[in-house]
Amino acid sequence: MRRRFKSQPRRENKNPHNINENIKAREVRLVGDNVEMGVYPISKARELANELELDLVEISPNAEPPVCKIIDYKKFLYEQKKRDKALKAKATKVIIKEIRFGPQTDDHDYDFKKRHAEKFLKDGAKLKAYVFFKGRSIVYKDQGEILLLRLAQDLEELGKVEQMPKLEGKRMTMFIAPKTNKK
């Protein structure tokens, strides 16, 4: 025998603003292009909105009296969504690239990894350089710190150190952020 579960009640599409009949205030302050600004009783404001075949939208409900605008609500929501999308697209995403060293990395390996670090910083990514200590190599933590400081000094023209070398467990980590060229 199958069990029947009660279906979830349908959620109505709740608008983020109060519109038309949902506005509870007795009087409202009307603003906008197509009306004369001022304080109106709610019935008069709704009448004006009906005459213009537009919606009365409560823009600032906490004001005294609440601020309303007579606009096409669907168009208003569309433009607001478009604006939010444009802002989100302009927001920069931080990319972090990692470079791993051993405490006794020799010069050739160091130079090879340094070239990669230079490329990452030129591309605008943050750099996380760390020395990983295996087993008893933790006794060489001073060598690891010297290695990271040498890297920071070599990359001084491309980036600035955000966090100095710091030992966390078996890793000594340092962050370098790219310098922004403002011309």
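For the structure, check the block above.
All figures in this text were calculated on a predicted structure; none of them were measured in a lab.

An account of the overall build of the protein chain is needed here, citing residue identities and associated values.
What the protein chain contains, in helices and strands, is four helices and eight strands. When the helices and strands of the protein chain are placed in sequence order, the string is β-β-α-β-β-α-β-α-β-α-β-β. Against the globule reference of 16 Å for 183 residues, the protein chain gives a C-alpha radius of gyration of 30 Å, more extended than a compact globule. For the protein chain, the C-alpha atoms occupy an extent of roughly 80 × 70 × 25 Å along the three principal directions.

Can you break down the side chain of T173 residue by residue, with the values?
Turning to its location among the elements, T173 is positioned in strand β8 (residues 171-178). For T173, the contacting residues outside a window of four places in its chain are K128, A129, Y130, L148, Q163, M164, P165, K166 and E168.

Account for the packing of aromatic side chains, with residues named and values stated.
A full pass over the atoms with the stated rule returns two aromatic pairs. Here the basic side chain of R150 rests over the ring of Y110, its NZ or CZ set 3.8 Å away from the ring centre. The side chain of R171 reaches across the aromatic face of Y130, ending 4.0 Å from its centre.

Break down the pairing of strand β4 (residues 67-71) for me, citing the residues and quoting the values.
Of all five residues in β4, four are buried; the element is thus mostly enclosed. By the bridge criterion, three bridges tie strand β1 (residues 27-31) to β4 in an arrangement that is parallel. Counted as the bridge partner of L30 is C68 from β4. Relative to β4, strand β3 (residues 55-60) runs antiparallel, the two being bridged by five bridges. Bridged to L56 within β4 is I70. Counted between consecutive antiparallel strands, the loop separating β3 from β4 contains six residues.

Calculation rules
Residues numbered from 1 in each chain as written. Predicted model: local features only at pLDDT ≥ 70, side-chain atom pairs only at ≥ 80, totals over all residues. Heavy atoms only, no water. Helix = DSSP H or I, 4+ residues; strand = E, 2+ residues; numbered from the N terminus. Rg over C-alpha atoms; globule rule 2.2 N^0.38 Å. Contact = heavy atoms within 4.5 Å. Phe/Tyr/Trp six-rings, centres within 6.5 Å; stacked < 30°, edge-to-face > 60°. Lys NZ or Arg CZ within 6 Å of the ring centre and 35° of its normal. Buried < 20%, exposed > 50% of the residue type's maximum accessible area, 1.4 Å probe, protein only. Pairing = 2+ DSSP bridges.

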